[in-house]
Amino acid sequence: YRSSLANLQSKGCRAMRVLVIGAGASGLVTAKTLRERGHEVNIVSDSEKVGGTFENKAYKDARMVSSKFLTLFSDFRKPDAEVHMTLKDYVTYLEQYKSHFQLGGLMRMGTAVLDVKRKADGSYTVVLQCAGETTVREEAWDAVAVCSGLHNIPRIPVFPGQEGFKGKILHSSTYKDPEIFRGQRVLVIGTGETGFDIGYAAATHGASAVTMSTRHGFVSVPSAFKPELPPLDCIIMNFGTHYWESDWAARVGFHWWITTKFTRMGFLIMTGTTYGFNQWVGKRYNMTWEEGRKHIVNKSNKCMPLMSRKAKKQASWWQRKLYSYWDGDTSVGQDIDLIEGSIAKLEGNAVHYNTNKGGQTSVDVDVVVLATGYRQRFPFLFPGPDEKPAEGAEFRGADDPLPEEHFIVNPEEPRLAYIGFIRPNVGAIPPMAELQAMWWCEKLEGKLTCKAPDYYKLKGSRLSYGVDYGNYMFALAREMGAVPSLFHWFFRRPKVAITACFGQAHVPIFRLQGPWACKEAEETCSTELYTQVMRRPFMMNFIFFFEAIAFAVINGVIGVLETKVGQALAVAGAGLGLAMSSRGDVMRSLRN
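Definitions and cut-offs
What you see as residue numbers is a count from 1 along each chain, following the sequence as written. At least 70 in pLDDT is required for a residue's local features to be given in this predicted model, at least 80 for side-chain atom pairs to be given and counted, and no such filter applies to totals for whole chains, interfaces and linings, which use all residues. Only hydrogens and water are removed before side-chain values are computed, so all heavy atoms of the structure are retained for them. Secondary structure elements are defined from DSSP: runs of H or I of at least 4 residues count as helices, runs of E of at least 2 residues count as strands, and each element is numbered from the N terminus. Exposed residues in this analysis have more than 50% of their type's maximum accessible area, buried residues have under 20%, and partly exposed residues fall in between, with area computed by a 1.4 Å probe over protein chains only. Whether two residues are in contact is decided by their heavy atoms, any of which lying within 4.5 Å being enough. Only the protein chains shown count as cover for residues, and the accessible areas themselves come from Shrake-Rupley with a 1.4 Å probe. Comment: axis = line fitted to C-alpha atoms, over the contacting stretch for helices; angle = value between 0 and 180 degrees taken between N-to-C directions. Our angle categories are set so that under 35 degrees counts as roughly parallel, over 145 as roughly antiparallel, 65 to 115 as roughly perpendicular, and the remainder as oblique. Rotating anticlockwise by less than a right angle from the far helix to the near helix defines a left-handed crossing, while the corresponding clockwise rotation defines a right-handed one. Lys, Arg, Asp and Glu make up the charged group, whereas Ala, Val, Leu, Ile, Met, Phe, Trp, Tyr, Cys and Pro make up the nonpolar group; the residues left over, Gly among them, are polar. Per residue, pLDDT measures the predictor's confidence, with a range of 0 to 100. Here a helix's expected span is defined as the number of its residues, less one, multiplied by 1.5 Å. For patches, a residue must show more than 30% relative accessible area and have no salt bridge; joins then use 9 Å for like charges and 5 Å for nonpolar side chains, namely Val, Leu, Ile, Met, Phe, Trp and Tyr. Salt bridge criterion: a side-chain nitrogen from Lys or Arg within 4 Å of a carboxyl oxygen from Asp or Glu. Two N or O atoms form a polar contact when they lie within 3.5 Å of each other; inside protein one atom must be a possible hydrogen donor and the other a possible acceptor, and for residues adjacent in sequence the pair counts only when both atoms belong to side chains. Only when DSSP finds a minimum of two bridges between them are two strands counted as paired. For the handedness criterion, the strands are oriented away from the viewer, and a crossover whose path from the first strand over the helix to the second runs clockwise is classed as right-handed. Geometry of aromatic contacts follows a simple scheme: Phe, Tyr and Trp rings, the Trp one being its six-membered ring, pair when their centres are within 6.5 Å, and the pair is stacked under 30 degrees between planes, edge-to-face over 60, tilted otherwise. As a reminder, the over-ring test applies to NZ of lysine and CZ of arginine, requiring each to be within 6 Å of the ring centre and within 35 degrees of the ring normal.

**Student:** What's the story with the overall build of the protein in this structure? I'm lost.
**Tutor:** Across its full length, the protein holds 17 helices and 19 strands. With 592 residues in all, the protein has 52% of them scored as buried. Contacts in the protein between residues at least 24 apart in sequence constitute 70% of all its contacts with a sequence separation of at least 6. Summed over all atoms, the accessible surface of the protein reaches about 26,300 Å², with 58% contributed by carbon and sulfur.

This is the structure in structure tokens:
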């Protein structure tokens, strides 16, 4: 810490006292990053344990849907961990991270933040209360990092007739063990990753019937296809997708416009449907062939075969024969019904729906699980009563806003940061939080080198903070001057260049060069992450290689045309073409 502080002061920057709110993955990595930079840091959390939502929202058999290659922090890797860690193992990893970087002495657990107020000089007064105490204390801090997590306040709708419902209603945040479903008729409302986990658990633990319902559909793609293949989040290429493309291509989503068609066609050929991978029901409401940069992919797909099986039974014999391979052992679990529509009312044990196709249907249930997500609330920043939900299934609750600048800070209030509140399409929040913390340090020191456009925002997404993972990571890295030079690494260490070019936007890539460069990142890229690129099937990498060449040519031409010289040449060429055409018309007239 002392050497980091001396280094910060030598650069003419003032060390700050920073309060980090939250002791989950985002809070830990933010505190570690700030202290590494030379700032004085303290962590407060109203929980007694490290881990945040991974600790307090865990349930039996819960696993990460992002791989260890993507999720783990850049300078604390775990080669011996499972590819998709259990939540229990990931919390253990966070405990080890805390110990490795000696963060324990910075932490005050069981301490709630009641109020955060900005003072005239830009610093903050924070009101805290320790567990078991009636008194509160005020503390002064130069800056505050909000890392309290996305999953704190459940989003609980209230439906017409709910007061007379004879069954049990619970939110997914309270679910722990699937044995509660044994012998019960279960309805799971919501088809996110937690909803899928719960639906599968009910269908494989003795529920008498299982139904799931969705209003807007979903996009299901498995987190891993086969054990011998890299996980889903390691079969994505940076070059021409996340970076190293023209501004026009990034702005219009040119790569997505091309690859969406090939991806959906691949799904059709392999699994008989274009909605998702082996997804025969639940088409996303805004699913089109033009643009795929708008969906947050559901990677917890164990219950997808149980939903698709029923639809396949109604298909022709050759489709059942051809596409049932992906359903696995048909003796595992029972079929899951899917209702696509909105709840009209609850009556007795019946739940009545208005379907998306304009009809009505109902299902008799004993247990309703609300997998309806969480509200984005910061009561210590936006005080007021926690609004009670109005009656009606469409209620989503009032969310507090995220900042304008990359969802991290507002330009007029740079010392208040929100870390770890964005949702990636195919990615993970912990590595994004690490890069956000690095970016914020550069912001506080006034060392960002440019302003990157926000082309990473998901188009048409119902979540305003939904982002394309890779584009977002490269946008932050670009402003920090941390995008690696492929030319440099190709001659110095080719394996690193291959990983940066043909691999995913893993956070160690952004520590190869720039203000946060470290030797460990170079080793990680040339070994662990390079191995994942080479584990892909030969044909996949072959396609990626020629795709990169094609996009390089197209983007090269577009890049030239985007310059003033290129635009002048284009105008001159067009003028010359018109002149030659007019001359030809004149000569033909004279001959006639």
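There is more to say, and it comes next.
**Student:** How should the packing of helix 2 (residues 25-36) against helix 11 (residues 429-444) be read in this particular structure?
**Tutor:** Pairs of packed helices are described in terms of their axes, by the angle between the two and the distance that separates them. At a minimum axis distance of 9 Å, the contact between helix 2 and helix 11 shows a crossing angle of 30 degrees. By the angle between their directions, the pair helix 2 and helix 11 is classed as roughly parallel. Remark: the crossing between helix 2 and helix 11 carries right-handed chirality. Contact residues: Ala-25, Ser-26, Val-29, Thr-30, Thr-33 and Leu-34 in helix 2; Ile-429, Pro-430, Ala-433, Glu-434, Ala-437, Met-438, Trp-440 and Cys-441 in helix 11. Counted by class, the contact of helix 2 with helix 11 contains ten nonpolar, three polar and one charged residues.

**Student:** What is the right way to read the confidence of the model for the protein from this model?
**Tutor:** Note that predicted coordinates carrying low pLDDT should not be read in detail. Here the protein averages 89 in pLDDT, and 90% of its residues register 70 or above. For the stretch residues 387-396, pLDDT sits under 50, and the model shows 28 contacts to residues farther than four places along the chain or on other chains.

**Student:** Would you mind showing me how to read helix 12 (residues 469-480) here?
**Tutor:** Note on helix geometry: an α-helix contains 3.6 residues per turn, so any two residues three or four positions apart are oriented the same way. With twelve residues, helix 12 ought to run about 16 Å at 1.5 Å a step, and its terminal C-alpha atoms sit 17 Å apart, in line with that. Most of helix 12 sits out of view: eleven of its twelve residues are buried. Among the residues of helix 12, those classed as buried are Tyr-469, Gly-470, Asn-471, Tyr-472, Met-473, Phe-474, Ala-475, Leu-476, Ala-477, Glu-479 and Met-480. Against helix 4 (68-71), helix 8 (254-271), strand 18 (423-424), helix 11 and strand 19 (466-467) lie the buried residues of helix 12. Note on helix 12: the residue one or two positions beyond its end, Gly-481, has a positive phi of about 75 degrees.

**Student:** For this particular structure, what's the right way to read a nonpolar patch on the surface?
**Tutor:** Together, Phe-538, Met-539, Phe-542, Ile-543, Phe-545, Phe-546, Ile-549, Val-553, Val-557 and Leu-561 make up a nonpolar patch on the protein surface, roughly 990 Å² of accessible area in all. Tracing the backbone shows Leu-561 in helix 16 (residues 538-562). On the accessibility criterion, Leu-561 (44% relative accessible area) is partly exposed.

**Student:** So what exactly am I meant to see when it comes to helix 8 here?
**Tutor:** With 18 residues, helix 8 extends 26 Å from end C-alpha to end C-alpha; this agrees with the ideal 26 Å at 1.5 Å per step. Considered for burial, the residues of helix 8 that qualify are Phe-254, His-255, Thr-259, Thr-260, Arg-264, Phe-267 and Thr-271.

**Student:** Got a minute to help me understand the side chain of Glu-139 in this structure?
**Tutor:** In this structure, Glu-139 sits in strand 6 (residues 137-141). Judged by its relative accessible area of 16%, Glu-139 is buried. A distance of 2.7 Å separates a polar atom in the side chain of Glu-139 from a polar atom in the side chain of Arg-108.

**Student:** How should the pairing of strand 1 (residues 17-21) be read in this particular structure?
**Tutor:** Along any regular strand, the residues point their side chains to alternate faces of the sheet. Within strand 1, four of the five residues are buried, which leaves the element mostly enclosed by the surrounding structure. As judged from the five bridges shared by strand 1 and strand 2 (residues 40-45), these two strands associate in the parallel manner. When the bridges of strand 2 are listed, Val-18 appears paired with Val-41. Between strand 1 and its parallel partner strand 2, the chain crosses via helix 2, and the hand of that crossover is right-handed. Where strand 1 and strand 7 (residues 143-146) come together, four bridges link them in parallel fashion. When the bridges of strand 7 are listed, Val-18 appears paired with Ala-143.

**Student:** In this structure, what is going on with the packing of helix 14 (residues 494-502) against helix 15 (residues 519-534)? I would like to understand it.
**Tutor:** Helix 15 packs onto helix 14 with a crossing angle of 60 degrees between their chain directions and a minimal axis gap of 8 Å. Overall, the two elements helix 14 and helix 15 adopt an arrangement that is oblique. Crossing handedness for the pair helix 14 and helix 15: left-handed. Seen from helix 14, the contacting residues are Lys-495, Val-496, Ile-498, Thr-499 and Phe-502; seen from helix 15, they are Glu-522, Cys-525, Ser-526, Leu-529, Tyr-530 and Val-533. The residue makeup of the contact of helix 14 with helix 15, split by class, is seven nonpolar, two polar and two charged.

**Student:** Is there a simple way to think about the packing of aromatic side chains in this case?
**Tutor:** We describe a pair of aromatic rings using the distance from one ring centre to the other and the angle between the two ring planes. Scanning the model with the defined rule gives 33 aromatic pairs in all. Relative to Tyr-93, the ring of Tyr-90 lies with its centre 5.6 Å away and its plane at 25 degrees, an arrangement referred to as stacked. In this pair, Tyr-90 and Tyr-93 are both assigned in helix 5 (residues 87-100), three residues apart and thus about one turn of the helix distant. Under the relative-accessibility criterion, Tyr-93 is labelled buried at 1%. On the numbers, 5.3 Å between centres and 85 degrees between planes, the contact of Phe-545 with Phe-546 is edge-to-face. Aromatic ring contacts, followed pair by pair, group Phe-54, Phe-73, Phe-76, Tyr-90, Tyr-93, Tyr-97 and Phe-101 into a single cluster. Above the plane of the ring of Phe-101 lies Lys-32, whose end atom (NZ or CZ) is 4.9 Å from the centre.

**Student:** What's the story with the side chain of Lys-312 in this structure? I'm lost.
**Tutor:** Topologically, Lys-312 is positioned in helix 9 (residues 304-313). One polar contact links Lys-312 to Asn-278, side chain to side chain, over a distance of 2.6 Å. Apart from the residues within four sequence positions on either side, Lys-312 is in contact with Asn-278, Trp-280, Arg-320, Tyr-323, Ser-324 and Asp-327.

**Student:** How should the pattern of salt bridges be read in this particular structure?
**Tutor:** Tallied over the entire structure, the rule returns 32 salt bridges. Two residues, Lys-49 and Glu-55, come together in a salt bridge whose shortest N-O distance is 3.8 Å. Taking the relative accessible area as the measure of exposure, Glu-55 reaches 27% and is therefore partly exposed. For Lys-310, the salt bridge is made with Asp-337, and the minimal N-O distance between the two is 2.4 Å. Taken together, the residues Lys-310 in helix 9 and Asp-337 in strand 12 (residues 337-347) connect sequence positions 27 residues apart.

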